[in-house]
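The primary structure of each chain is shown beneath.
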Amino acid sequence: MDYLTIAVAKGRIANITIKKLEKNVFNFSDFKNSRKLIFEDDNSKIKIILVKADDVPIYVEYGAADIGIVGKDTLLETDSDVYEILDLGYGKCKFALASLKDFEHKKGKKLRVATKYPKVAKDYFNNKNEPVEILKLNGSVELAPIAGISDVIVDIVETGTTLKENGLEIIEEICSISARLIANKVSYKIKSDKIYEIVDYFRRQMNENDICK
Ligand code: PRP
């Protein structure tokens, strides 16, 4: 039988995903403290490949992985031709518009927005019919208003600690984010049984969690 290959976003999402998969039938015991990027479970015929979050949709779209697990933030920022089949309910956070506490938007002045997510920011302000200048940064976005290179930021907020400790506050919440299961369009047809075994596995875990609450 063919392996089902799952591309998983490295970091927090991968740590949670492997824990969830290991709960019952899957065995990826060599995951901890390893720099390996490929993990195989011979019994369940599942192969995990660890890739950067931004690359998960690419691996899935081009068929190097049958399915992928990645945050909705990444999916909103990339235009990938994949199916989004399940909200996994973990890796929860949100997109928000934020500024320094004392920031005042002067009427008629075009806002400069710093963000790691230019597409999300552009879509958000387009929906409001508000022309803005978008400044793409690669991290530590909260620093931009402090350093005076932007008026506001569009960024991910999880606990809110980074905003708070840098004197920023949320102006508006844009949307909620969580980990999503995506599928390659061909794999979805030819490996649907195996894909739905995984989907059901995650669904059962979500229901178990609900009972515990
Ligand atoms: C993310 C995000 C915020 C922070 C939010 O950054 O861009 O900066 O986490 O988390 P919090 O609300 O729990 O404080 P990340 O850790 O990915 O680092 P980066 O700023 O270098 O991108």
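One can find the structure itself at the top, above this paragraph.
Because the structure is a prediction, the values reported are computed rather than measured.

Reading guide: rules and limits
Residues numbered from 1 in each chain as written. Predicted model: local features only at pLDDT ≥ 70, side-chain atom pairs only at ≥ 80, totals over all residues. Heavy atoms only, no water. Helix = DSSP H or I, 4+ residues; strand = E, 2+ residues; numbered from the N terminus. Buried < 20%, exposed > 50% of the residue type's maximum accessible area, 1.4 Å probe, protein only. Polar contact = N/O pair within 3.5 Å; in protein donor to acceptor, adjacent residues only side chain to side chain. Near = heavy atom within 4 Å. Areas by Shrake-Rupley, 256 points an atom, 1.4 Å probe, with all protein chains shown as cover. Nonpolar A, V, L, I, M, F, W, Y, C, P; charged D, E, K, R; others polar. Arc of directions from axis to C-beta. Core = buried A, V, L, I, M, F, W, Y, C linked by side-chain atoms within 4.5 Å. Phe/Tyr/Trp six-rings, centres within 6.5 Å; stacked < 30°, edge-to-face > 60°.

J.: Hey, could you run me through the side chain of Gln205 in this one?
T.: Assignment of secondary structure puts Gln205 in helix α8 (residues 192–212). Take Gln205: its relative accessible area is 3%, and that puts it in the buried class. Within polar-contact distance, the side chain of Gln205 engages the backbone oxygen of Lys20 at 2.8 Å.

J.: Is there a simple way to explain the site of the ligand in this structure?
T.: Neighbouring residues of the ligand: Lys116, Gly139, Ser140, Glu142, Asp155, Ile156, Val157, Glu158, Thr159, Gly160, Thr161 and Thr162. Lys116 is positioned such that a nitrogen or oxygen atom in its side chain is 2.3 Å from an oxygen atom of the ligand. With respect to the ligand, the backbone of Ser140 contributes an N or O atom lying 2.9 Å from an oxygen atom. Calculation on the ligand without its partners gives an accessible area of 500 Å², and the protein chains cover 65% of this total. Elements with a contribution of two residues or more to the shell around the ligand: β9 (152–157) and α6 (161–165). The biggest single contributor to the shell around the ligand is β9, with 3 residues. Taken together, the residues of the shell around the ligand sort by class into 2 nonpolar, 6 polar and 4 charged.

J.: Help me out: how do you make sense of helix α1 (residues 12–22) in this one?
T.: Each full turn of the α-helix corresponds to 3.6 residues, which orients residues three or four apart in the same direction. Taken as a whole, α1 has its buried residues at Ile13, Ala14, Thr17, Ile18, Lys20 and Leu21. When α1 is viewed along its axis, its buried side chains cluster within an angular range of 160 degrees and face the same direction.

J.: Teacher, can you tell me more about the nonpolar core here?
T.: Burial of nonpolar side chains together is a common tendency in soluble globular proteins. Counting residues in each nonpolar core, the largest one holds 39 residues, and the members touching the most others are Ile6, Ile48 and Ile69. Among the secondary structure elements, those contributing two or more residues to this core are β1 (4–9), α1, β3 (46–51), α2 (56–61), β4 (67–71), β5 (83–87), β11 (179–183) and α8. Judged by nonpolar contacts, the second largest core, of 14 residues, contains Phe95, Val113, Val120 and Tyr124.

J.: I'm lost on the packing of aromatic side chains in this one. Help?
T.: For any pair of aromatic rings, the description rests on two quantities: the centre-to-centre distance and the angle between the ring planes. Enumeration over the complete set of coordinates arrives at 5 aromatic pairs. Plain terms: the ring middles of Tyr124 and Phe125 are 4.9 Å apart, the flat faces sit at 75 degrees to each other, and that makes the pair edge-to-face. The burial state of Tyr124 is the same as that of Phe125; both residues are buried. Taking the centre distance of 6.1 Å and the plane angle of 80 degrees together, the rings of Tyr201 and Phe202 count as edge-to-face. Since its relative accessible area comes to 5%, Tyr201 is described here as buried.

Taken by themselves, the reported measurements are silent on function.
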